[in-house]
Every structure is written in C-alpha cells, then in structure tokens.
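Chain and residue survey
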Amino acid sequence: MAADVATELATQVQVRRATEADAAGIAQVHVQSWRATYPGILPAAEIERHTLARRAGLWARALQTPLTGVFVAVAVNEVLGFASTGAFRVEPAGSDGQGEGELNALYLLPAAQMQGTGRRLFDAGAHALRDAGFAAMRCWVLQGNPAVAFYERLGGVRVASKTFTVDGVAVEEHCYRFDLS
Ligand SMILES: CC(C)(COP(=O)(O)OP(=O)(O)OC[C@H]1O[C@@H](n2cnc3c(N)ncnc32)[C@H](O)[C@@H]1OP(=O)(O)O)[C@@H](O)C(=O)NCCC(=O)NCCS
C-alpha cells in the first residue's frame, strides 16, 4: 500500500474485535510487518519461514475460537493492524507472570505506523484483559526492535530477559509488564 493512501486511511481507522472474516487481512499484515521489522534482528530464513499461506491458516484456526482476544484496526474494510491477547504463557514453568495476561502480537503495516493506531490496539487488548480479570499484561519484544521504545512510552517496565537460538543465531528478548489496575 502506498504511504499516502495509508495516511489517508489512518484518519478513518476503526478498532474492533476481529472476526473469522479478518483472518486473511491479519495474515497479510503479519507477514508484511515481519518482513519490514525483523531483518537484522532475526535470521532471514526464520522470516521467510512464516509465509502468507502459513499465517493465513493459523489465523483462520485461531479466529474460530469464540471470544478470542484479537482486535483489528480497519479502514475501508482493509486491515491495517492487529493485536492479539490471552493468558500469559509462563515459560519456563514456575517463572513469574502466572495469572497475568499477555499481548501476544501487535503488528501494523509499515505505512500505518506512528499515527496512534498501535496505541489504540494496545489499549483495546489491555481493556479486554482487564475486563477478563487480569491485573497485569506482559509482552515479549526482541532486542533491537524499535517497538521497545513504544512499549516504554506506554509505561511498560522491563521485568525479564532471555536468550534463545534461531538457526544458530542467539537472539535476546525482553519481557515488558503493564499494570492494568
Ligand atoms: C510497534 C507498533 C505496534 C507501534 O504502533 P504505532 O502505531 O507505530 O505507534 P503509535 O503511533 O500508537 O505510538 C504511540 C506512542 O509511542 C511512540 N512510539 C511508537 N513507536 C516508536 C518508536 N519506534 N520509537 C519511539 N517512540 C515510538 C509514539 O511516538 C507515540 O508517542 P506519543 O504518545 O508521545 O505520541 C508499530 O510501530 C509496529 O507495528 N511495528 C512493527 C511491528 C512490531 O515490531 N511489533 C511489536 C512486536 S513485539
């Protein structure tokens, strides 16, 4: 999408709960945003592994679940971004975060970024988790991702870090925690 078109669309952006019909649009955003964000952060093979077909299948299945905590930002029926929430996946077992919520994914098309839409999607996910009884929300962000500054701007506190290996490359990831009370 051209940047001027996306900027125009951003003035009409609606944030709402995702439906099954949004699966293809979410997958498209997921793939495009990954390809724009992760070169130099993740190995190229890992980025390429998450194809549009694979993402579309995963999102179609995920959105079959009723009451799924997925939100989309749409304008003129086009998905510009999405946020996905759920219970925090405590790994390794026994570590901190038990009983808290998680922002599993938050991705916007490159041309739709820095116009306040990420914050709106973040807020939609946070409110849904709070309404579901969660007192806090966590999310993981890779070292080197500019999104670290976004999460810190929104009040996130870094509470954990871990390193894992992808295709033989060590990647560091940070966990941010947001108080929802
Ligand atoms: C990270 C992301 C979701 C943020 O959404 P966004 O719509 O671009 O951000 P917003 O316009 O809502 O910004 C909210 C605030 O954060 C700040 N901010 C956002 N991105 C920032 C950045 N890279 N560096 C510094 N500040 C940033 C904004 O300036 C704004 O501050 P303000 O309240 O003072 O105006 C979006 O940029 C994105 O999709 N990035 C690529 C995918 C990604 O990395 N997702 C996170 C995976 S963990």
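Everything below is about the structure printed above this text.
Residues numbered from 1 in each chain as written. Predicted model: local features only at pLDDT ≥ 70, side-chain atom pairs only at ≥ 80, totals over all residues.

A tally of helices and strands in the protein yields six helices and seven strands. For the protein, the sequential pattern of α-helices and β-strands runs α-β-α-α-α-β-β-β-α-β-α-β-β. For the protein, the C-alpha radius of gyration of 16 Å lies close to 16 Å, the compact-globule estimate for 181 residues. With the C-alpha coordinates of the protein rotated into their principal frame, the extents come out at 45 × 40 × 30 Å. Going through the 181 residues of the protein one by one, you find that 34% of them count as buried. Counting contacts in the protein only where the partners sit at least 6 residues apart, residues at least 24 apart contribute 69% of the total. (Helix = DSSP H or I, 4+ residues; strand = E, 2+ residues; numbered from the N terminus. Rg over C-alpha atoms; globule rule 2.2 N^0.38 Å. Buried ≥ 20, exposed ≤ 12 C-beta atoms within 10 Å, placed from the backbone. Contact = placed C-beta atoms within 7 Å.)

We now examine the nonpolar core. Ranked by size, the top nonpolar core spans 38 residues in total, and within it Ile26, Leu80 and Phe82 carry the most contacts. At the level of secondary structure, the elements contributing two or more residues to this core comprise α2 (23–37), β2 (69–75), β3 (78–87), β4 (101–108), α5 (117–131), β5 (136–142) and β7 (169–179). Broken down by element, the residue count for this core peaks at six residues, all from α5. Non-local contacts of Phe82, meaning those with residues more than four positions away in its chain, are made with Ala18, Ile26, Val29, Val70, Phe71, Val72, Tyr107 and Leu121. (Core = buried A, V, L, I, M, F, W, Y, C linked by C-beta atoms within 7 Å.)

Direction vectors running N to C along α2 and helix α4 (residues 52–62) enclose 135°, while the axes themselves pass 8 Å from each other. Between α2 and α4, the crossing angle belongs to the class labelled oblique. Considering only the axes of α2 and α4, their crossing is right-handed. Between α2, through Ala23, Ala24, Ile26, Ala27, Gln28, His30 and Val31, and α4, the contact on the second element is made entirely by Leu52, Arg55, Ala56, Trp59 and Ala60. Of the residues in the contact of α2 with α4, the class split is nine nonpolar, two polar and one charged. (Axes fitted to C-alpha atoms, helices over the stretch in contact; angles between N-to-C directions. Parallel < 35°, antiparallel > 145°, perpendicular 65-115°, else oblique. Left-handed = near helix turned anticlockwise from the far one by under 90°. Nonpolar A, V, L, I, M, F, W, Y, C, P; charged D, E, K, R; others polar.)

A word on the site of the ligand. Close contacts around the ligand come from 19 residues, with Gln113, Gly118, Arg119, Pro146 and Ala149 the closest. Elements with a minimum of two residues in the shell around the ligand: α2, β4, α5 and α6 (147–153). If you tally residues by element for the shell around the ligand, the top one is α6, at four residues. Looking at the shell around the ligand residue by residue, the classes come out as nine nonpolar, eight polar and two charged. (Near = placed C-beta within 6 Å.)

Within the fold, Glu100 resides in the loop between β3 and β4. Judged by local crowding, Glu100 falls into the partly exposed class, with 18 C-beta atoms found within 10 Å. As a C-alpha pair, Glu100 and Glu78 span 22 residues in sequence and 32 Å in three-dimensional space. The contact partners of Glu100, leaving out residues within four places of it in the chain, are Phe88, Phe134, Ala135, Ala136, Met137 and Arg138.

Glancing now at unusual backbone geometry. For Asn77, which is not glycine, the phi torsion reads 65° and is therefore positive. When you line up the elements, Asn77 lands in the loop between β2 and β3. Look at Met114: it is not a glycine, yet its phi comes out positive at around 60°. For Met114, the location among the structural elements is in the loop between β4 and α5.

Attention now goes to the pairing of β3. β3 sits mainly inside the fold: eight of its 10 residues count as buried. Of the strand pairs in this sheet, β2 and β3 are connected by seven bridges, and their pairing is antiparallel. Looking at the pairing, Phe71 lines up with Ala83 of β3. The turn linking β2 back onto β3 is made up of two residues, and Val76 within it adopts a positive phi angle of 50°. Pairing analysis gives seven bridges linking β3 to β4, with the strands arranged antiparallel. Of the residues in β4, the one forming a bridge with Ala83 is Leu106. (Pairing = 2+ DSSP bridges.)

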